[in-house]
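# Understanding the architecture of this molecule
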Amino acid sequence: MISQFFVLSQRGDHIVFRDYRGEVPKGSAEIFFRKVKFWNDDEAEEAPPVFNVDGVNYIHVKVAGLFFVVTTMVNVSPSLLLELLQRIARVTKDYLGVLNEDSLRKNFILVYELLDEVIDFGYPQTTSTEVLKSYIFNEPIMVDAGRLPPLGPAAMFMQGTKRMPGTAVTKSVVATEPGGKKREEIFVDIIERISVTFSSSGYILTSEIDGTIQMKSYLTGNPEIRLALNEDLSIGRTASSSYDYRSSSGGGAVILDDCNFHESVHLDSFDIDRTLHLIPPDGEFAVMNYRITQEFKPPFRVTALIEEAGPSRAEVLLKIRADFSANVTANTIVVQMPVPSYTMRASFELEAGAVGQTTDFKEGSRRIEWNLKKIVGGSEHTLRAKLTFSQESHGNLTKEAGPVNMNFTIPMYNTSKLQVRYLQIAKKSKTYNPYRWVRYVTQANSYVARL
Amino acid sequence: MFGLQASGAAASWVVGRMGTDAHLYDDPDDASIPTLLDSRFDADKLDALKRLLALIAQGVDVAHFFPQVVKNVASQSLEVKKLVYLYLLHYAEKRQNEALLSINIFQKDLSDINPLVRAWALRTMAGIRLHVVAPLVLVAVKKCARDPSAYVRKCAAYALCKLHDLLPDETTSLEDTVDVLFSDNSPGVVGATAVAFNSVCPNCLPLISKHFQRLCETLPDIEEWAQILLIDIILRYVIARHGLVKDSSIFASNLTLKSQGSGDSALIGNETCGTTSTITLFRHYIEEYSECLEGDIINCSSVTSSTNNDVALLLKCTSPLLWSRNSGVILAAASVHWIMAPVDQLNRVVGPILFTLRSSPDATYVMLGNILVFAKTAPQLFAPFYEDFFICTSDPYQTKALKLEILTTIATESSIPAIFEEFQDYIKEPDRRFVADTVAAIALCAQKLPSITTSCLGGLLALVFYESSISDSANFDGEAAVLVQAILSIKAIVRTDPASHEKVIVRLVRSLDKIKEPAARSLIIWIFGEYSSIGNIIPKITPAVLKYLAWSFAAEMLETKLQILNAAAKVIIHSPEEHLEEFKKIMAHVIKLATCDLSYDVRDRARFISRLLPYSTTYLNGNNSSCQSHNEDMFKELANHIFDGKMPSIFHPTNNYRIYLPGSLSQVVLHAAPGYAPLPKPQSMELIHKTMEPTRGVGNSSESINSDAESGSSTYDSGSVYDSESEVDGSSDRNAADSNTKDNQEDPLVHVYDASVDQDITIKSEEASGSEDGLDQTLQGSASVPTIVLDKEIQLLAPEQTEKMVLQVHFHHHLLPLKLSVLCNGKRHPAKLHPDIAYFVRPLPMDLNAFLCKENQLRGMFEYARRCTFKDHLQKLEHNDDSEEHTDKNLLIAQSLASKILSNANFHLVSMDMPVTFSIEDASGLCWRFSSEILSTSNPCLITILAEGHISEPLDLTAKVNSEDTAFGLNLLNRVVAIIE
């Protein structure tokens, strides 16, 4: 069972330390930190989530720049412990509103109290924010969210778009507002992480959407909620039906390959009208996770070209086209492309009038990097780079320059066309009309264009 | 109900105190903590406690506040209680004496009306982890196991785990409680009980049988953390009860081996390799597999999932869990199917497993490790899903490496073109280590699927040329690794069939000129030397290459030089006649250069070769050749063996790779972590029940505490050391208040079973050094007396010989054992000396009225009762039957019991009631009353023993103790019962 639980900062300071069984020798946190920090001396490589030093097993996850670690002396399912760490991080975030060093330190008593309930003598007991609420007495102390760097998936709503109240997502689910009255609101986020690989000729090799519907409820009294999804939604792809769909409706219908639901969800009427009934527990949780491998329209088209331009010189042309409507804006776009290893210099040429774009040549990892603050739907951006080599190239440059890798976040856009048709809250009274926020976001998981 | 109440309280408290905690952490010392602790207001106490906890969190030792904090356990405020509990748990083990003070308040809290208070009291009491409190906790747990609140029952289940550590002897009564809790209605309690079962009696599978059906039904409703454990428990139960499933993957692989083995004996190396690995796989899964190998196991497996209801139920109830959102649960459920489901149903675990690859990257890593094991045994399961294992740019290195390995395992003829396309892209990755891994994976694929060998070699050669062309310009660390790995891969592929890959070797050798990396060069030279005589083209170029090598010898690095010498020797051994002379010249030149080399390794190698192949060095020292000629044949043979030894053709990578159960930690860290238990032996349920004790803890002899105790190196049985016959001894101790001489013991304190005792044996006190700081604050105030330790040594102890020693010790506390250690053969054997609690009281003279009056004051929580039987009188009665006919048998019984107790304990006999009945044979109503006073606190301790039953039979006695100090009282009661029995 679990011997110790601790949270370390990025510098290795103890923020939280709790020993449950007193069987692990002293200094385990230091041993852990040294091991993780210098896992591989020469390379900036991360330690595996599970490892063993001198008979002590260390299991850790990194959340919001903090190490959440448990140690154990005995054989416990590592998946269990990893899930538990994730869940502890989430519960703590639910309680504190934001998860960072400062908020943990300020609320250490609450955190210790939480830990006491979550793990007893090394045995995980409960990690449901809802259940824990009745046993926890301390009240969170809010950390000023304004000066915090954005962290976690919720933070992406804070940038770019002004439509969301920025503080809402950093609110604790248990704290009362300073004004006294709690604001009644509920957030439903549809977060999709997409993986696309383009072949050199531009067509899609593999594509996948990895989506989740996150809910965060601040409603008092936990009323029942009806969440209606697309009517043409279907689950499970048998070989024949998927091809039918694709040919007839041209990708209009949403077909999920697999999905799973949170235990509070009732699926009684799901088969009839695609609505989910649930009584949301407090805190943030995933109503549904799903996966789609059906073909979809990728949000960006990436074209990359590398050409020889005289001896020991080459020119790179990168072009991105945003294939979505103009009222949507993608932000924090990073495009990376490995270049031949004998590249010495790179000079860049941005398009005229480019705003908020930066370029860089990373000598260590031998790649060029192009950062764009935002891309408006329908627009097109290009970058030219001139590479200087230390020696003559060996004919085939496309073989030596790597695939283009792209990272981005597009708020208020989802690739799968999975929609929340409506979100109904069981009414307690006529005047009860809580705020409902339904938000979509698409992120790149692995967005690769080969040369 | 209580939830609302509690949050209401929290809310009201919070309103006035919002946002005031921050400064507590920053400077906790700025207020006077003792004053605040003694304040009348809860708010002040809270403030003080928070400051204390802040200090603890910052690593400051604030143990000296312990007495003041403990006082506050009695507080009515839940918030104060909770914080006190936190503090208490932190220091309880350090300050055992004071911690005992709080026990009475916990006892009181256990009957509080608020279930939260009851639950927390139980949890904290169990968490204090003192041996003396353990019996009290056991009583409390038994009571709480029947509590109306589910939360309290859940806490009781978790408390069982803590108790198990403290009271390993009480396993049976713990098991009973587990049994009670398993039949609970609340899923939360059942889940917690599963946890308790796993730590209290993991091998006591028969206990499950009556709950099995209900456990399966509740499984989906319990907490996910407990689900994982419960799945494992019921899997073990089903295996132990019914055995393995005949058509499961275990037997599928077993049977294929049998048919292959009998069918054709000439198996291709690859296939045997595969099947051997499955055999070892399941040998590792099942305990004592080797015993029931072959025939036995076939008998064991007389069940199929369709005919056996339990197996069917197990599969049915774990199926929905495959779609859990917790990857740990999915893995546990999948491993049940992996072991128990028929092969044709196995593919339903594949979807869920692949689905979990999309969860957090850390969970993915663990999952991939398990998939790898699944895939090694049953590649066909995952083969169609190879695309799921393609690498994402965001994967960390470990994940990438695992995915590569899986891809190589599941690659088939149909999927390999697509996989290869991917590999070609991976080679362009900037991470050189990963590229090297990819290159190695290509070689493995090529060895597995011969149809792609040619294209693989082509690609690898191209890579070698490319890498060698860039390596001279940019010299990065990882760069050479790829090149070397590429050549290694080529080497591995070529080895399968050197003759047909002759051209590859030639091209490699030709590239020697361009390749500068010494490791790569020496590899190529090795390949050249090894295959110098194979095929048609290589022998033709051999002279030229050898000349080139001789020419470049001086400029080479150490490892390359050695390889050149080796290669040259190999060439000479295989050389045809027409080139021999030429080769000998070259050889002589090389050896001449080598003997003058700076490195002694090279010089040694040169000397070695020149001796071994003397005929090659005739040019060097011709005069010696004649006298060596008679040895020539022998040398030649020797040389042939050394340089021409055939390599074992197929390398078995999986043979020494131990495989652990899926989903276990051992599977990830690749060693049997303590607590790892293989599956039970099929259909071994009864057997397991009987041999439960010895099998526990086997397998990790050095690490676990269990095995340490069982291996018998040092045991001390706390219950049975007390001698019942040493009357004189006992009374003489009465005056020696604190020190207790123990001799004439029938059971020795220490058994040393070490066979080779030939050195000194020393007994030392563990506490001798540490007594200054923590332990000396005993209640008696007689702290200045140190623990008396005999540093007497036993010089020699032969096997079977016993040595008696008299120890005089001073106990610091009347309940805490004294830790001793026996040093022998350089090893330390711990031993504990428990104080005899019956001598920590002094007789308290009082009359019957005073006794009854006092007894009435000490009712309720101060009273404990236990039942026991008394048999001693039977012997005496028999003895007396012959001599005197008309003795009062009741009187005899009363005397024998009273004398037995008085001789073993410092009590005062208050009264002895004789029964007034018509039948003289009836002893019911016999009653003894003893009174005493605890030495340390002078609290009275009243003991009442009531008899029931027939004179000629064993009597049922009820012993009762009334004392204000409940911890002491209960321990005293246990001691009294031990004396009686």
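Residues numbered from 1 in each chain as written. Chains lettered and ligands numbered in written order. Predicted model: local features only at pLDDT ≥ 70, side-chain atom pairs only at ≥ 80, totals over all residues. Heavy atoms only, no water.

### Things to note about the overall build of chain B
- Helix and strand counts for chain B come out as 47 helices and 10 strands.
- Within chain B, buried positions represent 55% of all 981 residues.
- A separation threshold of at least 6 residues defines the contact pool for chain B, and within that pool the share at least 24 residues apart is 69%.
- Just so you have it, chain B exposes about 42,500 Å², and 54% of that area is on carbon and sulfur atoms. (Helix = DSSP H or I, 4+ residues; strand = E, 2+ residues; numbered from the N terminus. Buried < 20%, exposed > 50% of the residue type's maximum accessible area, 1.4 Å probe, protein only. Contact = heavy atoms within 4.5 Å. Areas by Shrake-Rupley, 256 points an atom, 1.4 Å probe, with all protein chains shown as cover.)

### Topic: the pairing of strand 9 (residues 940-948) of chain B
Residue and element names in this part refer to chain B.
- A large share of strand 9 lies buried, amounting to 7 of its 9 residues.
- Here strand 8 (residues 927-934) folds back onto strand 9 in antiparallel fashion, the turn holding 5 residues, of which serine 938 has a positive phi close to 60°.
- Where strand 9 and strand 10 (residues 955-963) come together, 8 bridges link them in antiparallel fashion. The residue of strand 10 that forms the bridge with isoleucine 943 is valine 961. (Pairing = 2+ DSSP bridges.)

### Topic: the pairing of strand 2 (residues 14-19) of chain A
All names here are of chain A.
- Bridge count between strand 1 (residues 2-8) and strand 2: 5 bridges; the pairing is antiparallel. Directly across from glutamine 4, in strand 2, lies its bridge partner aspartate 19.
- Connecting strand 1 to the next strand, strand 2, in antiparallel fashion are 5 residues, including glycine 12 with a positive phi near 95°.

### Digging into the nonpolar core
- Phe68 of chain A together with Phe382 and Ile945 of chain B are the most contacted members of the largest nonpolar core, which totals 313 residues.
- At 13 residues, the largest contribution of residues to this core is made by helix 16 (residues 224-242) of chain B.
- When near neighbours in sequence (up to four residues on either side) are disregarded, phenylalanine 382 of chain B contacts Val350, Ile353, Leu354, Ile371, Phe374, Ala375, Phe389 and Ile410 of chain B.
- One finds Leu278, Val328, Phe361 and Leu423 of chain A within the second-largest nonpolar core, a separate group that totals 73 residues. (Core = buried A, V, L, I, M, F, W, Y, C linked by side-chain atoms within 4.5 Å.)

### Section: the environment of lysine 491 of chain B
Residues and elements named next belong to chain B.
- By the secondary structure assignment, lysine 491 is in helix 29 (residues 477-496).
- Judged by relative accessible area, lysine 491 falls into the buried class, the value being 18%.
- Placed 48 residues apart in sequence, lysine 491 and alanine 443 show a C-alpha to C-alpha distance of 8.9 Å.
- Ignoring any residue separated from it by four or fewer positions in sequence, one finds lysine 491 in contact with Leu523, Trp526 and Ile527.

### As for the packing of aromatic side chains
- Per the stated rule, a full pass over the model turns up 36 aromatic pairs over all chains.
- Residues tyrosine 85 of chain B and phenylalanine 106 of chain B carry aromatic rings whose centres are separated by 5.5 Å and whose planes lie at 35° to one another, so their mutual orientation is tilted. Of this pair, tyrosine 85 of chain B sits in helix 6 (residues 78-91) while phenylalanine 106 of chain B sits in helix 8 (residues 103-109), and the two are 21 residues apart along the sequence.
- On the basis of relative accessibility, which here comes to 0%, the residue phenylalanine 106 of chain B falls in the buried class.
- A ring pair is formed by phenylalanine 907 of chain B and phenylalanine 930 of chain B, whose centres lie 5.9 Å apart and whose planes are at 40°; its orientation type is tilted. Of the two residues, phenylalanine 907 of chain B sits in the loop between helix 46 (889-904) and strand 7 (908-913) while phenylalanine 930 of chain B sits in strand 8, which places them 23 residues apart along the sequence. Pair check on accessibility: phenylalanine 907 of chain B and phenylalanine 930 of chain B agree, each one buried.
- Connected via pairs of aromatic rings, a cluster forms that spans Phe6, Phe17, Phe32, Phe33, Phe51, Tyr58 and Phe67 of chain A.
- One Lys or Arg, arginine 274 of chain A, reaches over the ring of phenylalanine 270 of chain A and ends 4.7 Å from the middle of that ring.
- Looking at lysine 561 of chain B, its charged tip hangs above the ring of phenylalanine 553 of chain B, at a distance of 6.0 Å from the centre. (Phe/Tyr/Trp six-rings, centres within 6.5 Å; stacked < 30°, edge-to-face > 60°. Lys NZ or Arg CZ within 6 Å of the ring centre and 35° of its normal.)

### Focus: the sheet that holds strand 23 (residues 380-389) of chain A
Residue and element names in this part refer to chain A.
- What the 4 strands build is an open sheet, ordered 17-18-23-20; its pairing is antiparallel. Each having just a single partner strand, strand 17 (300-308) and strand 20 (343-350) make up the two edges of the open sheet. Averaged over all pairs of adjacent strands, the angle between their axes in this sheet comes to 20°, without regard to strand direction. (Axes fitted to C-alpha atoms, helices over the stretch in contact; angles between N-to-C directions.)

### Some remarks on the interface of chain B and chain A
- Taken together, the contacts link 82 residues of chain B with 83 residues of chain A.
- The contact between chain B and chain A buries some 7,500 Å² in all, and 58% of this surface belongs to carbon and sulfur atoms.
- Put simply, chain B and chain A have 10 salt bridges between them.
- Between aspartate 425 of chain B and arginine 450 of chain A there is a salt bridge, and its shortest N-O distance comes to 3.0 Å. (Buried area = accessible area lost by both parts, 1.4 Å probe. Salt bridge = Lys/Arg side-chain N within 4 Å of Asp/Glu carboxyl O.)

### Some details on the pattern of salt bridges
- Per the counting criterion, the structure on display carries 49 salt bridges over all chains.
- One salt bridge in this structure joins lysine 82 of chain B and glutamate 117 of chain A, with 3.0 Å as the shortest N-O distance. Linking lysine 82 of chain B in helix 6 with glutamate 117 of chain A in helix 4 (residues 108-118), this pair reaches from one chain into another.
- Judged by relative accessible area, lysine 82 of chain B falls into the buried class, the value being 5%.
- When the shortest N-O distance is used, the salt bridge between aspartate 120 of chain A and lysine 162 of chain B registers 3.1 Å. Linking aspartate 120 of chain A in strand 6 (residues 119-120) with lysine 162 of chain B in helix 11 (residues 150-166), this pair reaches from one chain into another.
- Relative accessible area serves as the criterion here: at 8%, aspartate 120 of chain A is assigned to the buried category.
- On the basis of relative accessibility, which here comes to 3%, the residue lysine 162 of chain B falls in the buried class.

### Observations regarding the confidence of the model for chain B
Residue and element names in this part refer to chain B.
- Considering every residue of chain B, the mean pLDDT works out to 73; 70% of them sit at 70 or more.
- For residues 687-747, every residue scores under 50 in pLDDT, and the model assigns this stretch 83 contacts once sequence neighbours within four places are set aside.
- Within the model, the stretch residues 752-759 combines pLDDT values under 50 with 19 contacts to residues more than four positions away or in other chains. (pLDDT = per-residue confidence, 0-100.)

### Describing unusual backbone geometry
Residues and elements named next belong to chain A.
- The phi torsion at alanine 64 lies on the positive side, around 50°, for a residue other than glycine.
- Along the polypeptide, alanine 64 turns up in the loop between strand 4 (56-63) and strand 5 (66-72).
- In this structure, arginine 274 takes a positive phi of about 55° despite not being glycine.

### Brief notes about the sheet that holds strand 10 (residues 225-229) of chain A
Residue and element names in this part refer to chain A.
- With antiparallel pairing, the 4 strands of this open sheet are ordered in space as 14-15-10-25. The sheet is open, and its two borders are formed by strand 14 (265-266) and strand 25 (420-425), each paired with just one other strand.
- In this sheet, strand 15 (residues 275-278) lies alongside strand 10 in antiparallel orientation, the contact comprising 4 bridges. Bridge assignment links alanine 228 to a residue of strand 15, and that residue is threonine 275.

### Side note on a nonpolar patch on the surface
Residues and elements named next belong to chain B.
- A surface patch of nonpolar side chains, amounting to about 250 Å² of accessible area, comprises Phe608, Leu638 and Ile642.
- Position of leucine 638 relative to the elements: it lies in helix 37 (residues 632-644).
- Taking relative accessible area as the criterion, leucine 638 reaches 40% and is therefore assigned partly exposed. (Patch = residues over 30% accessible without salt bridge, like charges linked within 9 Å, V, L, I, M, F, W, Y side chains within 5 Å.)

### Regarding the packing of helix 10 (residues 134-144) of chain B against helix 12 (residues 171-182) of chain B
Residues and elements named next belong to chain B.
- Where helix 10 contacts helix 12, the two axes come as close as 10 Å, and the packing angle between them is 20°. When the interaxial angle is binned, helix 10 and helix 12 end up roughly parallel. Classified by chirality, the crossing of helix 12 by helix 10 is left-handed. Where helix 10 approaches helix 12, its residues Leu138, Val141 and Lys142 are matched on the opposing element by Ser173, Leu174 and Thr177.
- Counted by class, the contact of helix 10 with helix 12 contains 3 nonpolar, 2 polar and 1 charged residues. (Parallel < 35°, antiparallel > 145°, perpendicular 65-115°, else oblique. Left-handed = near helix turned anticlockwise from the far one by under 90°. Nonpolar A, V, L, I, M, F, W, Y, C, P; charged D, E, K, R; others polar.)

### Re the side chain of asparagine 57 of chain A
Residues and elements named next belong to chain A.
- Among the structural elements, asparagine 57 can be located in strand 4.
- With relative accessibility at 0%, the residue asparagine 57 sits in the buried group.
- Among the polar contacts listed, one links the side chain of asparagine 57 to the side chain of asparagine 52, at a separation of 2.7 Å. (Polar contact = N/O pair within 3.5 Å; in protein donor to acceptor, adjacent residues only side chain to side chain.)

### Remarks on helix 35 (residues 600-612) of chain B
Residue and element names in this part refer to chain B.
- Between its terminal C-alpha atoms helix 35 stretches 18 Å, which fits the 18 Å expected from 13 residues at 1.5 Å a residue.
- Taken as a whole, helix 35 has its buried residues at Val602, Ala606, Ile609, Ser610 and Leu612. Projected down its long axis, helix 35 shows its buried positions confined to an angular sector of 165°, all on one face. Projecting away from the buried face of helix 35 at angles above 90 degrees are the exposed residues Tyr600 and Arg611.
- With a side-chain oxygen lying 3.2 Å from the backbone nitrogen of aspartate 601, the N-terminal cap of helix 35 falls on serine 599. (Expected span 1.5 Å × (residues − 1). Arc of directions from axis to C-beta.)

### So, the confidence of the model for chain A
Residue and element names in this part refer to chain A.
- Confidence along chain A averages 80 in pLDDT terms, with 86% of residues attaining 70 or more.
- With pLDDT under 50 throughout, residues 145-168 is counted as low confidence; its partners more than four residues away or in other chains account for 36 contacts.
- In this model, residues 239-251 is a region of pLDDT below 50 whose contacts with residues beyond four sequence positions or in other chains number 11 contacts.

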